[in-house]
Amino acid sequence: MPEIPQWASEALSGVYDPCCREKGISVVEMGLIRSVEVTGEKARVELLLTSGWCPFAARVLTEVRDRIEEQPGIREAEVEVVWDEAWTVDRLSPRAARMLRFLPAPAQVPDREAYIREELR
């Protein structure tokens, strides 16, 4: 995963995918920011989506652009959703992974009924 400049990471730490806002998980922690490059006063941000059907994509794109354009030395920001890489849970920060606590695929659970009973306790 390319490094995201610290200033960009800090600027975007207050931008949330609406599905994770209530948990306080930013687009940075979700691993949605693939790259941030600056040339002169123009920034280019590559963004991944958790789903191609995300109904909030336009909102997230606008918030990312606005936060980047607020940064010193940045006059314009272009935010593009990239499709050549799929978002996976591997991109989650350790904190986000703990908070979201993804369950294993059903086929990976030997005794599904016992696993479900245990999870419900």
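In case you missed it, the structure is sitting above this.
Calculation rules
Residues numbered from 1 in each chain as written. Predicted model: local features only at pLDDT ≥ 70, side-chain atom pairs only at ≥ 80, totals over all residues. Heavy atoms only, no water. Helix = DSSP H or I, 4+ residues; strand = E, 2+ residues; numbered from the N terminus. Expected span 1.5 Å × (residues − 1). Contact = heavy atoms within 4.5 Å. Buried < 20%, exposed > 50% of the residue type's maximum accessible area, 1.4 Å probe, protein only. Salt bridge = Lys/Arg side-chain N within 4 Å of Asp/Glu carboxyl O.

A.B. asks: I keep staring at helix α3 (residues 57-69) and nothing clicks. Help me out?
C.D. replies: Given 3.6 residues per helical turn, the α-helix brings residues three or four places apart onto the same face. With 13 residues, α3 extends 18 Å between its outermost C-alpha atoms, agreeing within 8% with the 18 Å of an ideal straight helix rising 1.5 Å per residue. Of the surrounding elements, those touching the buried residues of α3 are α1 (6-12), α2 (27-30), β1 (33-39), β2 (42-47) and β3 (76-81).

A.B. asks: So what exactly am I meant to see when it comes to the environment of Ile-68 here?
C.D. replies: Note that Ile-68 resides in helix α3. Residue Ile-68 is classed as buried on the basis of its relative accessible area, which comes to 0%. A C-alpha to C-alpha distance of 7.5 Å links Ile-68 and Leu-12, two positions 56 residues apart in sequence. Setting aside its immediate chain neighbours within four residues, Ile-68 contacts Trp-7, Ala-8, Leu-12, Ala-43, Val-45, Ile-74 and Ala-77.

A.B. asks: When you look at the pattern of salt bridges in this model, what are you seeing that I'm missing?
C.D. replies: A side chain of one charge can pair with a side chain of the opposite charge when the charged atoms of the two come close. A complete count under the given rule lists 15 salt bridges for this structure. A salt bridge links Glu-63 to Arg-21, with the shortest nitrogen-to-oxygen separation between them at 3.6 Å. Taken as a pair, Glu-63 in helix α3 and Arg-21 in the loop between α1 and α2 lie far apart in primary sequence, 42 residues in all. Of the residues examined, Arg-21 reaches a relative accessible area of 35% and is grouped as partly exposed. Lys-42 serves as the salt-bridge partner of Glu-76, at 4.0 Å between the closest nitrogen and oxygen. Taken together, the positions of Glu-76 in strand β3 and Lys-42 in strand β2 put the pair 34 residues apart, joining distant regions of the chain. Salt bridges sharing partners connect three or more residues here, namely Arg-34, Arg-44, Glu-46, Glu-80, Asp-84, Glu-85 and Arg-91.

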